[in-house]
Structure formats: structure tokens, C-alpha cells
Amino acid sequence: MSSLKELDKLLKRQSLESEKADWQSLLNYAEYVAEIENVVAVVSDLRNDLSRIYCGKLGAVLGIESYRYENSIWEKTILNLMAESEREEKYLAELRYLNFIRHTPRNLRSDFYMASKLRMRTVKGEVVNILHRMYYIYSPDCDAVCYALCLYGSLAFDFAGKSFAVNSITGVAEELTPAKDTLILSKREQQVLKLVDGGKTSGDIAGLLSISRHTVSRHRQEILAKLQVKNSVEACRIAKTLGII
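Please read all numbers here as calculations on a predicted model, not as lab measurements.

Colleague: Just give me the short version of the pairing of strand 2 (residues 50–55), but keep the residues and values in it.
Modeller: Direction of pairing for strand 1 (residues 40–45) relative to strand 2: antiparallel, over a ladder of 6 bridges. In the sheet register, Val42 faces strand 2, and the bridge partner there is Ile53. As judged from the 2 bridges shared by strand 2 and strand 3 (residues 69–70), these two strands associate in the antiparallel manner. Note that in strand 3 the partner of Ser51 across the bridge is Glu70.

Colleague: Explain helix 2 (residues 23–37) to me, and be specific about the residues and the numbers.
Modeller: With 15 residues, helix 2 extends 21 Å between its outermost C-alpha atoms, agreeing within 8% with the 21 Å of an ideal straight helix rising 1.5 Å per residue. Within the sequence span of helix 2, burial applies to Leu26, Leu27, Ala30, Val33 and Ala34. Axial view of helix 2: buried residues confined to an arc of 125°, hence all on one face. Of the exposed residues in helix 2, those oriented more than 90 degrees away from the buried face are Tyr32, Glu35 and Ile36. Buried residues in helix 2 make contact with strand 1, strand 2, strand 5 (127–138) and strand 6 (145–154).

Colleague: Could you give an account of the pattern of salt bridges, with specific residues and numbers?
Modeller: This model, assessed by the stated rule, comprises 6 salt bridges. Residue Glu37 is joined to Arg133 by a salt bridge in which the shortest nitrogen-to-oxygen separation is 2.7 Å. Taken as a pair, Glu37 in helix 2 and Arg133 in strand 5 lie far apart in primary sequence, 96 residues in all. Accessibility expressed as a relative area gives 17% for Arg133, which makes it buried. As a salt-bridge pair, Arg106 and Asp143 come within 3.1 Å of each other at their nearest N and O atoms. One end of the pair, Arg106, is in the loop between helix 5 (84–102) and strand 4 (112–121); the other, Asp143, is in the loop between strand 5 and strand 6, and 37 residues separate them in sequence.

Conventions used here
- Residues numbered from 1 in each chain as written.
- Predicted model: local features only at pLDDT ≥ 70, side-chain atom pairs only at ≥ 80, totals over all residues.
- Heavy atoms only, no water.
- Pairing = 2+ DSSP bridges.
- Helix = DSSP H or I, 4+ residues; strand = E, 2+ residues; numbered from the N terminus.
- Expected span 1.5 Å × (residues − 1).
- Buried < 20%, exposed > 50% of the residue type's maximum accessible area, 1.4 Å probe, protein only.
- Arc of directions from axis to C-beta.
- Contact = heavy atoms within 4.5 Å.
- Salt bridge = Lys/Arg side-chain N within 4 Å of Asp/Glu carboxyl O.

Any functional reading would require information that these geometric values do not contain.
Below, the structure is given as C-alpha cells:
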């Protein structure tokens, strides 16, 4: 299972019972930003699984100036301008950012956005550097992400590193490196998953770790939920991709 599918499920499975931000106001903002900054702005509605796209002048450079709507929270036409390895790296970075946000106090979550360097193919076949900024718009209690706003613009100057969680108040940027991935699962959950990957049954794991089978089952359920996968095989695969086990 791809990182895109795992990230997709992770975002869509959130509880979105609370009143959401004003969709139309966000669309208006995205349209103005695209025009003023000449970027491509994408607004994604996680509950309804759709996106609206507004193309500034960069859209013509990329050959997507007529791109307006996507029946998905993923802007596939834009993503297809990237090499497959670049897309996979982008999805992993967004998984890391979502994990970063989940470990950030709710009252501070809206202070952050994600910034990444990407490489895309233009309509002329040239490969250019793109700055991708992603903002989450939260429910009133900041527990769930309701919308995502992505801005794709020309990279005016280069910087060390690839993807960052940026505090828009202080300007401090924290790089989203693989070293952060181990925070997704607790130490005990990592132990359990390593044993699962080694072919051990729940009974075996209970005996090896001196815990009950019920506790093992609870850990396994938590692992699947945190990695947003359906079974242990998928959990082991994504955990290996992220370097957790």
C-alpha cells in the first residue's frame, strides 16, 4: 500500500463533527493569493473529498492553467508533474508533518505550516524547483483538520534541507527528518511490531514481553490506527519505509 493511500486515510478518518471554517471564504482567499503571488493554490475539503484549484501565472508555465477541480483531496494533475520518487518523498514528508502536528499542543497547531522543496516538469519539458507551502485549517478545538491549503510557487532561493515544519509566528523551522518517525509509535508498540514482523503470534508476543494477550491485541489495534493501515503486513511495510522498525 502506498504512502499516499495511508496519508489519505489518516486525514479522512479524523472526527469532523465540529463546525468547520467558512469554505467560501477560504476559496476566495486562495483565488486572491494565486493572482497576487502568481502561484497555484489548491484548497482541499477533507470531509467531502474534493479540491478546488486556482492557477496564477505559474500555472501556464506548468501547462495546467485550465486545471480547476479535482474529485479528490489530492491534486493529481500537479502531482503527475513530479517524478514518482519525488511524489513518494512528498507523501512521507506530509506523514511526518501530520505526526508533528499531533504532538503539538492544540492551541499552537495553527501557528505552523509545512514548507518543502519540490521539482516539477514544465510545459516545455524543463525541470524547475518549486516551493510548496501547506497550511491546515482546523476545527474550532484544533483537534481535526477540516481543510488543507497548498501553495505551489517558484523557489526564489535555495536552502539546505528538504521539508520543514515552520512556525509562522517565530520563523523557527524544524526539519522533518526520518529521525522524527520513531515518535509515531511508542517504544512498546515498536517492540510489538518488530515481533509481528518476525512472524510471532499474539500468544508468542505476550509470553516474550510478559504481558497479556489482551494487551498485545490493544497494542496491535493502536499500531494499525496510528499508521492508518488495515493489517499487520501493511503496518510492517510503512514502518520499515519510515525507519520505525
